[in-house]
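Architecture and fold: a report
Given next are the chains, with one letter for each unit.
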Amino acid sequence: MYLFSTLIAQLVFTFKSKFSNGIGLQMVENVPFFLELARIVIEEQGHGRSALSTLFFIFGLSSLIVGSVFYLLGKMSMGKIVYFFPSHVLVGCIGGIGVFIITTALEVSTNATFHFTMEGIENCIIKHFHLLLPVIMFELLLRLLMYATMQKYPLLTPIYYCLITPAFYLMLWGFDVGYDGYFFPPLASSSGSVVSQDLLDMFKVIDMTTISYRAVVRSLPTILSLTAFSLIHVPINIPAFAISTNVEPDMNCELMAHGYSNFLAGIFGGLQNYMTYSNSVIYAKANGNGVWSSLGIVATTSLLFCQGPTLASYVPRCMAGTLLLHVGIDLFVEGVYESFHDYDRLEYSGIWLITIVMCLFGMEAALIAGIIAALSTYAVQSITYQYPIRGAMSAARLRSSAWNRSAEAESILVDKQKGRQRIYVFQMQGHIFFGNATTFSDDVKASLMQKRGTDCQPLVVILDFTPVLGIDSSAAQTIAKLKDAISNKFDVVVIFVTGNEEGFPCTYNLTQKVSSSNKQLLQPNDIDDDDPIVFEHGECLDDNMSIGDSLASRALHLTASKHVHKCNVIEEIPNSRVCSTLDDALVFAEDVLIAIEDPHVLQNDVNERFRYSQRSSSSQSFSKSAEASGVKLYLESLCPNASADDINKLSTLLSREKYNYGDVIWEQGDTSDCLKLLLSGSLISLLEDEHGATETIHPGSTIGELGLVNGTFRLTTVKVLSGEAVLYNLSKENWEHLANSDPRIARFIDLLVVRYLSHRVQHVSNRILDKRSLPV
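Reading the values: the criteria
Residues numbered from 1 in each chain as written. Predicted model: local features only at pLDDT ≥ 70, side-chain atom pairs only at ≥ 80, totals over all residues. Heavy atoms only, no water. Buried < 20%, exposed > 50% of the residue type's maximum accessible area, 1.4 Å probe, protein only. Helix = DSSP H or I, 4+ residues; strand = E, 2+ residues; numbered from the N terminus. Pairing = 2+ DSSP bridges. Core = buried A, V, L, I, M, F, W, Y, C linked by side-chain atoms within 4.5 Å. Axes fitted to C-alpha atoms, helices over the stretch in contact; angles between N-to-C directions. Contact = heavy atoms within 4.5 Å. Phe/Tyr/Trp six-rings, centres within 6.5 Å; stacked < 30°, edge-to-face > 60°. Salt bridge = Lys/Arg side-chain N within 4 Å of Asp/Glu carboxyl O. Parallel < 35°, antiparallel > 145°, perpendicular 65-115°, else oblique. Nonpolar A, V, L, I, M, F, W, Y, C, P; charged D, E, K, R; others polar. Left-handed = near helix turned anticlockwise from the far one by under 90°. Expected span 1.5 Å × (residues − 1).

A few points about the pairing of strand β12 (residues 674-680)
Across the seven residues that make up β12, a large majority, seven, are buried. Bridge count between β12 and strand β17 (residues 724-731): six bridges; the pairing is antiparallel. The residue bridging Lys 676 from the neighbouring strand is Asn 729, located in β17.

With respect to unusual backbone geometry
Although it is not a glycine, Asn 111 sits at a positive phi angle of roughly 55°. Non-glycine residue Gln 151 carries a positive phi angle of around 55°. Here Gln 151 lies in the loop between α6 (129-148) and α7 (156-175). A relative accessible area of 60% places Gln 151 in the exposed class.

Topic: the nonpolar core
Membership of the largest hydrophobic core comes to 68 residues, with the highest contact counts inside it found for Phe 70, Ile 97, Phe 168 and Phe 229. For this core, the element with the most residues is helix α4 (residues 87-110), which contributes nine residues. Val 461, Phe 465, Phe 504 and Val 578 belong to the second largest nonpolar core, which has 29 residues in total.

What about the sheet that holds strand β4 (residues 423-428)?
With respect to topology, five strands assemble into an open sheet ordered β3-β4-β6-β8-β9, the strand pairing being mixed. In this open sheet, the two strands that pair with only one neighbour each are β3 (389-394) and β9 (576-579). On average, each strand axis in the sheet is inclined to that of its neighbour by 15°, with strand direction left out of account. With four bridges connecting them, strand β8 (residues 493-497) and β9 associate as parallel partners. Residue pairing for β9: Ile 495 is matched across the bridge by Arg 577. Packed on one face of the sheet, helix α17 (residues 437-451) meets β3, β4 and β6 (460-464) and runs near 160° to β4. The strands that helix α18 (residues 473-490) touches are β6, β8 and β9; relative to β8, the one it contacts most, it runs at about 155°.

Comments concerning the packing of aromatic side chains
Given two aromatic rings, one states the distance between the centres and the angle between the planes to describe the pair. Tallied over the entire structure, the rule returns 18 aromatic pairs. Relative to Tyr 213, the ring of Phe 57 lies with its centre 6.4 Å away and its plane at 75°, an arrangement referred to as edge-to-face. With Phe 57 in helix α3 (residues 49-75) and Tyr 213 in helix α8 (residues 213-231), this residue pair connects regions lying 156 residues apart in the sequence. Judged by centre distance (6.3 Å) and plane angle (80°), the ring pair of Phe 332 and Trp 352 falls under edge-to-face.

Considerations on the side chain of Ser 212
Topologically, Ser 212 is positioned in the loop between α7 and α8. Contact partners of Ser 212, with chain neighbours within four places excluded, come to Glu 44, Gln 45 and Thr 54.

So, the pattern of salt bridges
Tallied over the full model, the rule gives 16 salt bridges. Among the ionic pairs, Lys 676 bridges to Glu 657, the shortest N-O distance being 2.7 Å. Remark: Glu 657 occurs in strand β10 (residues 655-660) and Lys 676 occurs in strand β12; sequence separation between them is 19 residues. Residue classification places Lys 676 among the buried positions, given a relative accessible area of 4%. Taking the shortest distance from any N to any O, the salt bridge between Arg 714 and Asp 673 comes out at 3.9 Å. Highlighted residues: Arg 714 in the loop between α25 (705-710) and β16 (717-720) and Asp 673 in the loop between β11 (664-666) and β12, separated in sequence by 41 residues. Overall, the relative accessible area of 43% leaves Asp 673 in the partly exposed class.

With respect to the packing of helix α2 (residues 31-45) against α8
Two elements in contact, α2 and α8, have axes separated by 9 Å at closest approach and are oriented at 175°. Taken together, the axes of α2 and α8 lie roughly antiparallel to each other. Contacts from Phe 33, Phe 34, Glu 36, Leu 37, Ile 40, Val 41, Glu 43 and Glu 44 of α2 reach α8 at Arg 214, Ala 215, Arg 218, Ser 219, Thr 222, Ile 223, Ser 225, Leu 226 and Phe 229. Looking at the contact of α2 with α8 residue by residue, the classes come out as nine nonpolar, three polar and five charged.

Let's talk about the sheet that holds strand β15 (residues 702-703)
One open sheet holds the four strands; their spatial order is β10-β17-β12-β15, and the pairing between them is antiparallel. For this open sheet the edge positions go to β10 and β15, each flanked by a neighbour on one side alone. Of the strands in this sheet, β10, β12, β15 and β17 touch helix α23 (residues 624-638), which is tilted by about 115° from β12. In the packing of helix α26 (residues 732-741) onto the sheet, the strands contacted are β12 and β17, and the crossing angle to β17 comes to about 40°.

Quick word on the packing of α4 against α6
For any two helices packed against each other, one specifies the inter-axial angle together with the distance between the axes. The interhelical angle for the contact between α4 and α6, taken along N-to-C directions, is 125°, at an axis separation of 8 Å. Taken together, α4 and α6 sit at an angle that is classed as oblique. For the pair α4 and α6, the crossing hand works out as right-handed. Every residue of α6 that contacts α4 at Leu 106, Ser 109 and Thr 110 is listed here: Leu 131, Leu 132 and Val 135. Its residues assigned to classes, the contact of α4 with α6 shows four nonpolar, two polar and no charged.

What about α8?
Taking 1.5 Å as the rise per residue, α8 with 19 residues should run 27 Å; its terminal C-alpha atoms sit 26 Å apart, in good agreement. Restricting attention to buried positions, one finds in α8 the residues Ala 215, Val 216, Ser 219, Thr 222, Ile 223, Ser 225, Leu 226, Thr 227, Phe 229, Ser 230 and Leu 231.

Side note on the environment of Ala 312
By the secondary structure assignment, Ala 312 is in the loop between α12 (291-311) and α13 (317-337). C-alpha of Ala 312 to C-alpha of Phe 184: the two residues are 128 residues apart in sequence and 7.1 Å apart in space.

Here it is in structure tokens:
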């Protein structure tokens, strides 16, 4: 079966592999799995032709499964998935396989069964030590030769194995020792062997009526382990051989080729095969290349396949035993000894665990031990090396996209006692799960406790989960409890940032658990200066009541009421809110601070910022005087030191433009020839070469001022996002005329650019996410 599987592999790789000098070989490393499968069959059916039928069926089934997996991975272009196995688990399997091959060498050399018991050691080693002695001698001599030559000669090992047989015959002749026990028995004998002298009988062994399907079911875990172990050879051998031959590998193509070769072998009950690295390198260095040369190897293997079984009885056991012992020791050393400095203590302990479990309890138990080792390593390393809080900071130096607030609102936000310093931002990272969720929760509460009673005690806490990759259900429940603890104990508004519109990266409905309201804090035109401030349950605040105390503490503990007054009111401040972006969270946090200080200021600010977009969205048209008034109001906000005459002169230089949904204002790379003020509607700015890099532009904002003054090309593409948008345009000609005729007024545009750059530099995305806000 070894030669048959090798023959099939070489034939398939000749026509399906991208390599012109690859060598196919039966997977010798899988021999311990074959022994385990044989033991399962013997336990179910004993010895005999029916047991051999079951075993050959299982061999073929395992090859079919391996071939199907290889083919599907390549067909679906999933070649990289073979790299997803934790390396320390694979190394542990390699160490365990090494021990299995060593025990197999003992059994092959002595024709006795080995167990890790005193009885097994006595029966296999002590009683048959004379059969093991040649194996040990040949192995020691090979190791000495490899040490003396410093492993400079790749052909040393195969030549040495070829010389073992004649050397052993000379030893027997020289010491006048009999042949009994030192050789394999003939494949056919007169004593009624189950294997016929007819070579093709190996393909006739399988009898579907005598197969033990109970044994087949018992063998499935071993076949699963065998399949997983078989997958690790391709991502190791193919890239290594590609480097040695200076060929660009196609992993998906090679996976499909391995799928064909294993599937064909499995149809005839054959064993698994692969493209071997060492033999392929030797063949390539010997100038082996091309289809005809490969077909010559196929012909030679076919000849050995026909005559090899007859010659097998003349091969000494010590030759096979030495080969297996050498390979087993190499694999064990690679898996257990050489990996000592490559892994931390926990991973290295997992390697030993897998190796020991595989030796004592078999392949299935080792597979379970590997899963446990991988999960426990991930959990411990995540707790140890990945602190869930990426950073924490005050929002005193952060700026949101609401940069065109009124002067009154901005004065509140920059105040050291009442402004952005009272907003505190925590940003999380990585995976938050049951192992580090408690640490994260405790550290957030400890940080807030340290600031309690100080001048910078937070009124708003933002928990940003944008960089978080995943949250398990246990951690999500911990976060939900954290929200209640922060709100009740520290009397603050808690804002959660999910990082995307779909919510938190978890199955648990965390958004619903942590959000008490996602309403706007204020709606435009809701309140006049003379209106009382009314909570949703109907309590009015008199003039002697501290607005800060009431909104900061009392509003956070309000309960919903069925009797909502329909007068112009400020809605209750929710104790928590969920936002999709950090910028949205900061805008809302700023609104909360302004409302706590003076709700009328916030209402006026909202009214001015959204006056025209509200009417535009409701299909209301403006008179020319209303639009002119709106333009002047926005210019006053943008140029706070300008006089009324200055504002009037600037407004006369602007020309009105109207766009509809989807219209392109300009494209990235266009010449900068104007500045535009957005009066109503909304726009979107996007980078053409960065998928998902967008920014929404709201009324009252200017765009293009940097390009107008500095002469740079347009850095982004700007499109209309709303149903329609009204903009006022300052052309380059008017700008240059203003700069020449009235430099003092033109200076306001320069200051606008400075303010623009200051906003970009201090925007929250630069300070927290290390990502630039888009230039427009």
